[in-house]
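Chains, contacts and geometry: an overview
Chain by chain, the residues:
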Amino acid sequence: MSNRGLDQERLEYIKGRINSQTQRVELIAWPRAEKLLYKVSLEVDWVRFYTLNHRTRAEQQQKEHSLGQPDLFSADPLGAHAQDVQMQIIASQDGFADLCADIGERGQREPAVVTAEGVLINGNRRVAALRRMLRDDHNLNCKYVQCLVLPDDANHDEILLLETELQIARDFKQEYSWINEALLIEELYEKNARSYQHVAKIMHRSTRDVQDAHDKLKQVYQLVELSQGAKQLADFKDHESAF
């Protein structure tokens, strides 16, 4: 059953890219038993960044505070303003210039993953790099991105598990600050009966590591509250050793 809340125009656009000859690729990390997903080519300016991605969660909160727009990423997450700010956040992260150089030299080596309406679950940084090179360098080789398309009834919990498996459990940890990883742990903790053991299993980590990360996040929450708005979570991403 499809999700009626989806943007039907975007949904139909991707469906139009799929036919009997479209390749299907196995995505092991997808939590369902059926792991073969359609692979399509989409314009990098058409796909949308996933603003619920935990890799940028603290930076998003910082932007919302500095711009005085607490609903920036929730009111219209696929709108131009939220998407432009998300692009700024991604482009400002460590290693972005190196990523651009690597993609410019070797191209896209693995497909991104998108929802049925073209929202990037995996591959946000790669698409940002392609978009930057297309717009700034006029590199026409960066106009399209290969994507695996999730079913149109994919739900938030499934997407959260997919993000965790792709971005944390499978050697992508360097792309997360410790604050953003702790925010992911917190959401998994709340969704899994407040069990650190369960979260540790999902993340392929020890229970002690998971609980320690969450405890440090709680300390940061206290400091942010004591600062009365002078500090945000992202201000502590380079100071993990202090906790």
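Preceding this section is the structure that the text describes.
Okay, so let's go over this structure.

Criteria and cut-off values
Residues numbered from 1 in each chain as written. Predicted model: local features only at pLDDT ≥ 70, side-chain atom pairs only at ≥ 80, totals over all residues. Heavy atoms only, no water. Helix = DSSP H or I, 4+ residues; strand = E, 2+ residues; numbered from the N terminus. Rg over C-alpha atoms; globule rule 2.2 N^0.38 Å. Buried < 20%, exposed > 50% of the residue type's maximum accessible area, 1.4 Å probe, protein only. Contact = heavy atoms within 4.5 Å. Areas by Shrake-Rupley, 256 points an atom, 1.4 Å probe, with all protein chains shown as cover. Lys, Arg positive; Asp, Glu negative; His and termini not counted. Charge placed at Lys NZ, Arg CZ, Asp CG, Glu CD. Pairing = 2+ DSSP bridges. Axes fitted to C-alpha atoms, helices over the stretch in contact; angles between N-to-C directions. Expected span 1.5 Å × (residues − 1). Arc of directions from axis to C-beta. Parallel < 35°, antiparallel > 145°, perpendicular 65-115°, else oblique. Nonpolar A, V, L, I, M, F, W, Y, C, P; charged D, E, K, R; others polar.

A word on the overall build of the protein
Tallying secondary structure elements over the protein gives 10 helices and five strands in all. In terms of overall size, the protein behaves like a compact globule, its C-alpha atoms giving a radius of gyration of 18 Å where 243 residues would be expected to give roughly 18 Å. Over its C-alpha atoms, taken along the principal directions, the protein stretches across nearly 55 × 40 × 35 Å. Considering the protein as a whole, with its 243 residues, one finds that 47% of them fall into the buried category. Of the contacts formed within the protein by residues at least 6 apart in sequence, a portion of 70% connects residues at least 24 apart. Surface exposure of the protein reaches about 12,700 Å², of which carbon and sulfur atoms provide 46%. If you average the places of the 31 positive and of the 39 negative side-chain charges in the protein, the two averages end up 3 Å apart.

Details of the sheet that holds strand 3 (residues 112-114)
Spatially, 1-2-5-3-4 is the arrangement adopted by the five strands of the open sheet, whose pairing is mixed. Edge positions in the sheet fall to strand 1 (24-26) and strand 4 (120-122), since each of these pairs with one other strand and no more. If you compare each strand with its neighbour and ignore which way they point, the axes differ by 45° on average. Inspection of the sheet shows strand 1 paired to strand 2 (residues 36-43) by three bridges, in the antiparallel sense. The partner of Glu 26 across the bridge, within strand 2, is Leu 36. Against the sheet, helix 6 (residues 124-137) touches strand 3, strand 4 and strand 5 (144-149), its axis set at about 120° to strand 4.

Some thoughts on helix 8 (residues 178-191)
For helix 8, spanning 14 residues, the distance from its first C-alpha to its last is 20 Å, which sits close to the expected 20 Å at 1.5 Å a residue. Among the 14 residues of helix 8, 11 are classified as buried, and the element is accordingly described as predominantly covered. Looking only at helix 8, the buried set comprises Trp 178, Ile 179, Asn 180, Glu 181, Ala 182, Leu 183, Leu 184, Ile 185, Glu 187, Leu 188 and Tyr 189.

Structural notes on helix 10 (residues 207-227)
Owing to its 3.6 residues per turn, the α-helix aligns residues three or four sequence positions apart on the same side. Counted at 1.5 Å a residue, the expected span for helix 10 with its 21 residues is 30 Å, and the 31 Å between its end C-alpha atoms agrees. For helix 10, the complete set of buried residues consists of Val 210, Ala 213, His 214, Lys 216, Leu 217, Val 220 and Val 224. Take helix 10 and look down its axis: the buried residues cluster within an arc of 160°, on one side only. Counted as exposed and oriented over 90 degrees from the buried face of helix 10: Arg 208, Gln 222, Glu 225 and Leu 226. The inward-facing, buried residues of helix 10 abut helix 8 and helix 9 (196-203). Within two residues after helix 10, Gln 228 carries a phi angle of roughly 55°, on the positive side.

Digging into the packing of helix 8 against helix 10
At a minimum axis distance of 9 Å, the contact between helix 8 and helix 10 shows a crossing angle of 105°. The angle between the axes of helix 8 and helix 10 places the two elements in the roughly perpendicular class. Where helix 8 abuts helix 10, its residues Trp 178, Ile 179, Ala 182, Leu 183, Ile 185, Glu 186 and Tyr 189 lie against Val 210, Ala 213, His 214, Lys 216, Leu 217, Val 220 and Tyr 221. Split into classes, the residues belonging to the contact of helix 8 with helix 10 amount to 11 nonpolar, one polar and two charged.

With respect to the pairing of strand 2
Moving residue by residue along a regular strand, the side chains alternate between the two faces of the sheet. Of the strand pairs in this sheet, strand 2 and strand 5 are connected by six bridges, and their pairing is antiparallel. By the bridge assignment for strand 5, Lys 39 is matched with Leu 148.

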